[in-house]
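Here is how the chains run, residue by residue.
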Amino acid sequence: MTEVREARYFIAVAEELNFRRAAERLNMSQPPLSQAIRAIERRLGVTLFHRTTREVRLTAAGSAFLDLCRNLVNASLLADRGAQDAASGLFGELRVGAVSSAVMHPLPRALEQFRAQHPRVHVRVEEIDSHAALQAVQRRELDVALVRLLSTPANFQRRVLVREVFALAVPEGWPLADNRLIDLADAAELPWIWLTRDISPDYHDQVVACCRAAGFSPETQHTARSISSQLALVSAGLGVALVPEDSARSHLPSRVQLLRLKQSIQTELAGFWRIDANPLVAALIESASASVASN
C-alpha cells in the first residue's frame, strides 16, 4: 500500500524529472529519495521511470501512478482540513434530541441561527422524551439534549435555556375560565390531563408536588405524551392541564385558555451534553440562548 509520504516523493520526481531537483524540493538528500522510488517499484512490480544518464522519463505505468498519487495526497490534505474544521466547529454533524416543547421553542430559531453560522454542518434532530434523550447522549447516539430535567447527571454539563412559570390550561367555557388569576387549589375537583411519568420523571414529579402543595391530588382521567398533546386534549374539552406558559402560548390551540396562578411555580428547559462532547454543541447552546434572549 502506497503511503502519502511515498506519493509525495514520487510526485516530486515525476514533476521535476530530475532526482537532484526533486530532493532539493523535498528538503532531503538524493540517495534516500532514489532508494524510496526503487522500493516503490519493487513493491508494485513495475517500472515507473525510464532512467538514462541524460534524462528521466515517466513510463506509461508511471503516468497512471502519478494521477493516483495526486489523488492520494489531495485526499490526505482534505482529511487534515476536515479534522481541523470539525474541531473548530466549521464542519461535521450535530445530533440533537429535544422534548416536544423544545421543538416548538426555542429550537427552531436556535437552529436557524446555528445553520447560518455553520452552513457545512449537518444537523439531525430527534423529538424524544427526557429520560430517553439523556440515555442517548450517554451512549453517544446524540450530542446534546434539550429536556426538562432538574438535576445534572455525572459527566454531564447543563445550561438552563428557558425558565417558565406554570399556567393552568382550561377549555373555553369551563369553570374558572373567566378568571385571570386563580389558586391552583380551585382546580382540585376538575378532571386532569396528565403527562405520564415515563416521559419526563422530573417534570412529572414537579407537577405532582405543585398539586400536593396546593392541598390536593388531581383526578387523572386522561394521559398524554407531550405538552402539545395535553393542549390538544384540553381543546377537546376533556380536562385541564398544568403547562409551561410560554411554551403553551407559542402553539396554543383554539378553545383553550391559559390561566395564571397565584402560586409562582417555575419549570426549566435545559441543554444537557457530555463533558467530552462534540465541539459543535457549544455553538448550538449559544444560539439557543441568544434566540431566547431576543424573543
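Basis of the calculations
- Residues numbered from 1 in each chain as written.
- Predicted model: local features only at pLDDT ≥ 70, side-chain atom pairs only at ≥ 80, totals over all residues.
- Heavy atoms only, no water.
- Helix = DSSP H or I, 4+ residues; strand = E, 2+ residues; numbered from the N terminus.
- Rg over C-alpha atoms; globule rule 2.2 N^0.38 Å.
- Contact = heavy atoms within 4.5 Å.
- Areas by Shrake-Rupley, 256 points an atom, 1.4 Å probe, with all protein chains shown as cover.
- Lys, Arg positive; Asp, Glu negative; His and termini not counted.
- Charge placed at Lys NZ, Arg CZ, Asp CG, Glu CD.
- Core = buried A, V, L, I, M, F, W, Y, C linked by side-chain atoms within 4.5 Å.
- Buried < 20%, exposed > 50% of the residue type's maximum accessible area, 1.4 Å probe, protein only.
- Pairing = 2+ DSSP bridges.
- pLDDT = per-residue confidence, 0-100.
- Axes fitted to C-alpha atoms, helices over the stretch in contact; angles between N-to-C directions.
- Parallel < 35°, antiparallel > 145°, perpendicular 65-115°, else oblique.
- Nonpolar A, V, L, I, M, F, W, Y, C, P; charged D, E, K, R; others polar.
- Salt bridge = Lys/Arg side-chain N within 4 Å of Asp/Glu carboxyl O.
- Phe/Tyr/Trp six-rings, centres within 6.5 Å; stacked < 30°, edge-to-face > 60°.
- Left-handed = near helix turned anticlockwise from the far one by under 90°.
- Arc of directions from axis to C-beta.

1. Some words on the overall build of the protein chain
Piece 1. A tally of helices and strands in the protein chain yields 11 helices and 12 strands.
Piece 2. Against the globule reference of 19 Å for 295 residues, the protein chain gives a C-alpha radius of gyration of 32 Å, more extended than a compact globule.
Piece 3. Restricting to contacts in the protein chain with at least 6 residues of sequence separation, those with at least 24 account for 72%.
Piece 4. Accessible surface for the protein chain amounts to roughly 15000 Å². Of this, 49% is attributable to carbon and sulfur atoms.
Piece 5. The positive charge centre, built from 33 side chains, and the negative charge centre, built from 32, are 10 Å apart in the protein chain.

2. Structural notes on the nonpolar core
Piece 1. Ranked by size, the top nonpolar core spans 37 residues in total, and within it Phe-166, Leu-168, Leu-184, Trp-192, Leu-242, Val-243 and Leu-261 carry the most contacts.
Piece 2. For this core, the secondary structure elements donating two or more residues are β6 (156-171), β8 (191-195), α8 (201-213), α9 (227-235), β10 (241-244) and β11 (256-261).

3. Looking at the pairing of strand β5 (residues 144-147)
Piece 1. Here β5 shows two buried faces, one formed by Val-144 and Leu-146 and the other by Ala-145 and Val-147.
Piece 2. For strand β3 (residues 92-98) and β5, the ladder comprises 3 bridges, and the chain directions are parallel. Bridge assignment links Val-96 to a residue of β5, and that residue is Val-144.
Piece 3. Of the pairings in the sheet, the one linking β5 to strand β12 (residues 266-274) comprises 3 bridges and is antiparallel in character. If you follow Val-147 over to β12, its bridge partner there is Ala-270.

4. Notes on the confidence of the model for the protein chain
Piece 1. When pLDDT is averaged along the protein chain, the result is 89, and 97% of the positions lie at 70 or above.
Piece 2. Ranking the helices and strands of the protein chain by mean pLDDT puts β5 first, with 96, and helix α4 (residues 60-87) last, with 83.

5. So, the packing of helix α1 (residues 4-16) against helix α3 (residues 30-44)
Piece 1. Two numbers describe how α1 lies on α3: the axes approach to 10 Å, and their chain directions differ by 110°. In this view, α1 runs roughly perpendicular relative to α3, as classed from their interaxial angle. Residues Glu-6, Tyr-9, Phe-10 and Val-13 of α1 touch α3, and the partners they reach there are Leu-33, Ala-36, Ile-37, Ile-40 and Arg-43.
Piece 2. Residues of the contact of α1 with α3, tallied by class, amount to 7 nonpolar, no polar and 2 charged.

6. Here's the deal with the pattern of salt bridges
Piece 1. Scanning the entire structure with this criterion turns up 22 salt bridges.
Piece 2. Between Arg-249 and Glu-245 there is a salt bridge; the shortest N-O distance is 3.1 Å. Note that Arg-249 and Glu-245 are positioned in helix α10 (residues 245-250) at a spacing of 4 residues, about one turn of the helix.
Piece 3. For Glu-245, a relative accessible area of 5% puts it in the buried group.
Piece 4. Connected via shared salt-bridge partners are Glu-15, Glu-16, Arg-21, Arg-25 and Arg-70.

7. Side note on the packing of aromatic side chains
Piece 1. Inspection of the entire model under this criterion finds 6 aromatic pairs.
Piece 2. Each ring, one from Phe-10 and one from Phe-65, has its centre 4.9 Å from the other, and the planes form 65°; the classification is edge-to-face. Taken together, the residues span a long stretch of sequence, with Phe-10 in helix α1 and Phe-65 in helix α4 at a distance of 55 residues.
Piece 3. A relative accessible area of 0% places Phe-10 in the buried class.
Piece 4. A residue is classified by how much of its surface remains accessible, and Phe-65, at 12% relative accessible area, is buried.
Piece 5. The structure contains a cluster of three or more aromatic residues connected by ring pairs, namely Phe-10, Phe-19, Phe-49 and Phe-65.

8. Observations regarding the side chain of Ser-287
Piece 1. Tracing the sequence through the fold places Ser-287 in helix α11 (residues 280-293).
Piece 2. Leave out the neighbours within four places in its chain, and Ser-287 touches Ala-110, Gln-113, Phe-114 and Gln-117.

9. Quick word on the packing of helix α6 (residues 107-117) against α11
Helix packing for two helices is described by the angle between their axes and how far apart those axes are.
Piece 1. With their axes 8 Å apart at the nearest point, α6 and α11 run at an angle of 130° to one another. In terms of orientation, α6 and α11 fall into the oblique class. The two elements α6 and α11 meet at a crossing, and its hand is right-handed. The segment α6 lies against α11, with Arg-109, Ala-110, Leu-111, Gln-113, Phe-114 and Gln-117 engaging Leu-280, Ala-283, Leu-284, Ser-287, Ala-288, Ala-290 and Ser-291.
Piece 2. Here the residues of the contact of α6 with α11 are counted per class, giving 8 nonpolar, 4 polar and 1 charged.

10. Let's talk about α9
What sets the pattern is the α-helix's 3.6 residues per turn: residues three or four places apart point alike.
Piece 1. Buried within α9 we find Ile-227, Gln-230, Leu-231, Val-234 and Ser-235. Burial along α9 is one-sided: seen end-on, the buried residues are contained in an arc of 140°.
Piece 2. A positive backbone phi angle near 80° is found at Gly-237, which sits one or two residues after α9.

11. Re unusual backbone geometry
Piece 1. Omega for the bond connecting His-105 with Pro-106 falls within 30 degrees of zero, at 15°, which places this linkage in the cis form.
Piece 2. Relative to the elements of secondary structure, Pro-106 occurs in the loop between α5 (100-104) and α6.
Piece 3. A positive phi angle is found at Leu-17, which is not glycine, with a value near 50°.
Piece 4. Counting through the fold element by element, Leu-17 comes out in the loop between α1 and α2 (19-25).

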